[in-house]
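Tertiary structure, described
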Amino acid sequence: MTMKSFHKIWIAPLIVAILMHAPAVRAQTKKPNVIILATGGTIAGAAATGTQAGYQSGAVTIDAMIAAVPGVGDLANIKGEQIANVGSQDMSFDILIKLAKRINDLAKSADVDGIVVTHGTDTMEESAFFLNLTVKTDKPVVLVGSMRPSTAVSADGPLNLYNAVGVAADPKAKGRGVLVVMNDWIQDAHSLTKTSTTAVQTFMSPLRGLVGTANYGKNDFFKTPGWKHTTQSEFDITNVTQLPRVDVIFASLDMSPDLIDCSVANGAKGIVIAGVGNGNINKAAVHAAANAVKKGVVIVRSSRVPTGSVGRKVEIDDDKFGFIASDELNPQKARILLSLALLTKRTPEEIQKLYYEY
Ligand code: GLU
């Protein structure tokens, strides 16, 4: 073999190999940029052993969390920021307002393609819904948490975080409102709720079902939620520093109406009642709630039942008493919507319309 023909033999495959890898090299340089905003929760929790039930939420920093997810850097260029480090039972409107403002700032940057928020699962549905109404971007905003602390046997946090980054980096996730990614499921902020105190498969969307699935960074989207959110939302928290007090009161057999009086006496501007059945309360509570309306307090009837919607004037004459029906929002999300609605003066009819739209 001559030197010339020898070169031909190995140069040709080399050129083919370089050409084959060129798209991968280009794709790598075009990797999406995802920011992870950490707020705490079990995903950042630590216990002394891998099998104990007791642990401390919000003990691990964002950098340690990212380091615990092998391969996540292949999905996106990632930067982390610590916004808070609390168990989500201690999540507050102060932190949420700060978080929403930070997301709105980041989303304006052409260098940011998606945002992940790590969060405890206890109040994740409320924070997701709050952000769904207050962030002004169609870029993916994805909440993620875990049911097991980072030190547990079979900790679910690392894969959840991997999948959340995969969704935030996916252009197909755009325009679907704030999403939650947990245990391979993609769900929307309006419809999901926590259904188990301990099971890994805790989040469900009983009425509306899944937005899609996330499988090791590969996503399948089934639908876009129909509710108003993000860029279509009329709620603007740019100049807001606190929200009006709205209480949730849990109804039960032979409930005491004093709970409603107490809430009004302590300055609530709105009360959401987690009613029985289709948002019902006993006659004494209807009387107390009607008195609250006369004092300018907005009463929203939701339900303690986990699925179904609350309709107007089924067994309670909402027109007569001036009550609002929560439609599909559970009590904790009905409270978020009412807190934002009360930032501006609105008639009961206008507030009722919000419950049909958001
Ligand atoms: N209390 C914890 C929290 O919400 C537990 C729930 C969790 O993150 O799984 O932060």
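Below or above, wherever it landed, is the structure these notes cover. (Residues numbered from 1 in each chain as written. Predicted model: local features only at pLDDT ≥ 70, side-chain atom pairs only at ≥ 80, totals over all residues. Heavy atoms only, no water.)

1. A word on the overall build of the chain
In terms of helices and strands, the chain carries 11 helices and 14 strands. Here the chain holds 358 residues, and the buried ones make up 51% of them. Counting contacts in the chain only where the partners sit at least 6 residues apart, residues at least 24 apart contribute 72% of the total. Of the roughly 16,600 Å² of accessible surface on the chain, 56% is carried by carbon and sulfur atoms. (Helix = DSSP H or I, 4+ residues; strand = E, 2+ residues; numbered from the N terminus. Buried < 20%, exposed > 50% of the residue type's maximum accessible area, 1.4 Å probe, protein only. Contact = heavy atoms within 4.5 Å. Areas by Shrake-Rupley, 256 points an atom, 1.4 Å probe, with all protein chains shown as cover.)

2. Concerning the packing of helix 4 (residues 93–108) against helix 5 (residues 124–134)
Their axes nearest at 10 Å, the elements helix 4 and helix 5 cross at an angle of 45°. On the basis of the axis angle, helix 4 is oblique to helix 5. Handedness of the crossing formed by helix 4 with helix 5: right-handed. Note on element contacts: helix 5 touches helix 4 through S127, F130, L131 and T134, opposite F93, L96, I97, L99, A100, I103 and N104. (Axes fitted to C-alpha atoms, helices over the stretch in contact; angles between N-to-C directions. Parallel < 35°, antiparallel > 145°, perpendicular 65-115°, else oblique. Left-handed = near helix turned anticlockwise from the far one by under 90°.)

3. What about the site of the ligand?
Near the ligand lie 13 residues; those nearest to it are T42, S88, T121, D122 and S146. The side chain of D122 places a nitrogen or oxygen atom 2.7 Å from a nitrogen atom of the ligand. Across the complex, the protein chains shield 93% of the 280 Å² of accessible surface that the ligand would expose by itself. Partitioned by chemical class, the residues of the shell around the ligand number two nonpolar, nine polar and two charged. (Near = heavy atom within 4 Å. Polar contact = N/O pair within 3.5 Å; in protein donor to acceptor, adjacent residues only side chain to side chain. Nonpolar A, V, L, I, M, F, W, Y, C, P; charged D, E, K, R; others polar.)

4. Here we look at the packing of aromatic side chains
Applying the stated criterion across every chain yields a total of three aromatic pairs. Note on F93 and F130: the rings are 6.1 Å apart at their centroids and 50° apart in plane angle, and the pair reads as tilted. Here F93, found in helix 4, pairs with F130, found in helix 5; they are 37 residues apart in sequence, far enough to count as distant. In this structure F130 comes out as buried when scored by relative accessible area, which is 0%. Ring geometry for F321 against F323: centres 5.4 Å apart, planes inclined by 25°, an arrangement best described as stacked. (Phe/Tyr/Trp six-rings, centres within 6.5 Å; stacked < 30°, edge-to-face > 60°.)

5. Thoughts on the side chain of N330
With respect to the helices and strands, N330 occurs in the loop between strand 14 (324–325) and helix 10 (331–341). For N330, the side chain forms a polar contact with the side chain of E125, separated by 2.9 Å. Here N330 is in contact with E125, T193 and S302, once residues within four sequence places are set aside.

6. Description of the sheet that holds strand 3 (residues 114–118)
The eight strands are arranged 2-1-3-4-5-6-9-10 in an open sheet whose pairing can be described as mixed. Only two strands of the sheet have a single neighbouring strand rather than two, namely strand 2 (77–86) and strand 10 (218–221). Strand-to-strand twist of the sheet, defined as the mean angle between neighbouring strand axes without regard to direction, takes the value 25°. Pairing analysis gives two bridges linking strand 6 (residues 185–188) to strand 9 (residues 212–215), with the strands arranged antiparallel. Residue pairing for strand 9: I186 is matched across the bridge by G212. Where helix 4 meets the sheet, it contacts strand 1 (33–40), strand 2, strand 3 and strand 4 (141–144), and its direction lies at approximately 165° from that of strand 2. Strands strand 1, strand 2, strand 3, strand 4, strand 5 (179–182), strand 6, strand 9 and strand 10 of the sheet are contacted by helix 6 (residues 157–168), whose axis makes an angle of about 155° with strand 3. (Pairing = 2+ DSSP bridges.)

The values reported here are purely geometric and, on their own, carry no functional implication.
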